[in-house]
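Here's the letter readout for the chains.
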Amino acid sequence: MSFIVGIDSGGTHIVGQVIELNGNIQKNYETGSGNILIDEQKTKLRLNRMIETIFNEYSLKGCVGIVIGIAGLDTFGEISDFKKELTTKFNIPVILMSDATLALWNILSGNEGILSLSGTGSAVFSRFGEKVDRIGGWGYLVGDEGSAYDIARRSLQTLTSSYDQGKNKRFIDDYLKEVGQKDLFSLISKIYSSNRKEIAELSMTTNKLSSQSHIAKEIISAAAISLANQTILMMQRHTNISKIIIGESGSVLQKNNFYKSIFEKTILDIYPETKFITTSRNNASGSIYWYQQHKEDFKI
């Protein structure tokens, strides 16, 4: 059996797939998080171990190559040494790209278009021809507009500014009750000892409160509009294309219906012929679409 190994190394977990060249998925693998910008050594170690596990079960001779999408790769910098390490170790072609680029190949099924991603982080990608563009995706310290982390950050800013101004007491009380904190000082203290993922999870509290709080709804709406505006900016780079397909990815866009509706409406108000798509396939499957269009690039 000839196959390709596709790996989606994301900020939450790493998923690997053994995929036959006809697209049939033979087996899935999963391990811990894999953002190379946040933890380079653990990400590289986990990727190495996952590939070793796969080749303990499947013959290396049948593998035509490995495609890996890695979170944080775009802002990480030089990665050629890691590619060389994997290529030398397994004696097989290895392609490295960002996890968002791999998602673009997966969600658009290899077609041209735009990918808007909102999970723990966020970014907007496009692929037309061989040119891949990116807007946003600068990481949680300086960007990630419209992400779960951004919703959490906006929520905390609203809570603290409301407290300072002596208003929105009900929203503050409801929020503190949901997160199990006695007062705002306790919550902020906890935040400064929390990691990025733990902070981003506060977005779920904001989402829960949005059914009864207009303030929570406004926070989510503002975040959705910020990602929509980045998507519109990307669309403005491709004015020669009349009907653009936008793939939606990430837990926020796929699970928060109110966020999704605001995001889509903001874009449709300007580009009414836009088509939105998503998929339940894991983004590791993007590797087979990349392979189908780049077979000649699969060489050591």
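Below is a summary of the structure that appears in this document. (Residues numbered from 1 in each chain as written. Predicted model: local features only at pLDDT ≥ 70, side-chain atom pairs only at ≥ 80, totals over all residues. Heavy atoms only, no water.)

### Description of the overall build of the protein
Okay, step 1: A tally of regular secondary structure across the protein gives 13 helices and 10 strands.
Okay, step 2: Taken against the 2.2 N^0.38 rule, which gives 19 Å for 300 residues, the C-alpha radius of gyration of the protein at 21 Å falls within 12% of a compact globule.
Okay, step 3: Principal-axis analysis of the C-alpha atoms places the extent of the protein at approximately 65 × 45 × 30 Å.
Okay, step 4: Looking at the protein residue by residue over its 300 residues, the buried ones come to 53%.
Okay, step 5: For the protein, long-range pairs separated by at least 24 residues make up 68% of all intrachain contacts whose partners lie at least 6 apart in sequence.
Okay, step 6: Total accessible area on the protein stands at roughly 14,400 Å², and carbon and sulfur atoms take up 48% of it.
Okay, step 7: Charged side chains in the protein number 33 positive and 32 negative. The centres of these two groups are separated by 2 Å. (Helix = DSSP H or I, 4+ residues; strand = E, 2+ residues; numbered from the N terminus. Rg over C-alpha atoms; globule rule 2.2 N^0.38 Å. Buried < 20%, exposed > 50% of the residue type's maximum accessible area, 1.4 Å probe, protein only. Contact = heavy atoms within 4.5 Å. Areas by Shrake-Rupley, 256 points an atom, 1.4 Å probe, with all protein chains shown as cover. Lys, Arg positive; Asp, Glu negative; His and termini not counted. Charge placed at Lys NZ, Arg CZ, Asp CG, Glu CD.)

### A short note on helix α6 (residues 169–179)
Note: α-helices contain 3.6 residues per turn, so residues at a spacing of three or four share the same orientation.
Okay, step 1: Burial in α6 covers these residues: Phe 171, Ile 172, Tyr 175, Leu 176 and Val 179. Taken down its axis, α6 places every buried residue within 125 degrees of arc, on the same side. Facing away from the buried side of α6 by more than 90 degrees, the exposed set consists of Lys 169, Arg 170 and Lys 177.
Okay, step 2: Considering only its buried residues, α6 is in contact with α5 (148–165), α7 (184–191), α9 (202–209) and α10 (214–235).
Okay, step 3: One or two residues past the end of α6 sits Gly 180, with phi positive at roughly 70 degrees. (Arc of directions from axis to C-beta.)

### Examining the pattern of salt bridges
Okay, step 1: Counting across every chain of the model gives 13 salt bridges.
Okay, step 2: Taking the shortest distance from any N to any O, the salt bridge between Glu 57 and Lys 27 comes out at 2.7 Å. Of the two residues, Glu 57 is situated in helix α1 (residues 40–57) and Lys 27 in strand β3 (residues 25–31); the sequence distance between them amounts to 30 residues.
Okay, step 3: A relative accessible area of 42% places Glu 57 in the partly exposed class.
Okay, step 4: Residues Asp 174 and Arg 170 are paired through a salt bridge, measuring 3.6 Å at the closest nitrogen-oxygen approach. Taken together, the residues Asp 174 and Arg 170, both in helix α6 and four residues apart, mark about one turn of the helix.
Okay, step 5: Assessed through its relative accessible area of 62%, Arg 170 is described here as exposed.
Okay, step 6: Ionic contacts of the salt-bridge type, sharing partners, join the residues Asp 150, Arg 153 and Arg 154 into one network. (Salt bridge = Lys/Arg side-chain N within 4 Å of Asp/Glu carboxyl O.)

### Quick notes on α9
Okay, step 1: Of all the residues in α9, the buried ones are Leu 202, Ser 203, Thr 205, Thr 206 and Leu 209. Seen along its axis, α9 keeps its buried residues to an arc of 155 degrees; they face one direction. Away from its buried face by more than 90 degrees, α9 exposes Met 204 and Lys 208.
Okay, step 2: Packing partners of the buried residues in α9 comprise α5, α6, α7, α8 (196–200) and α10.

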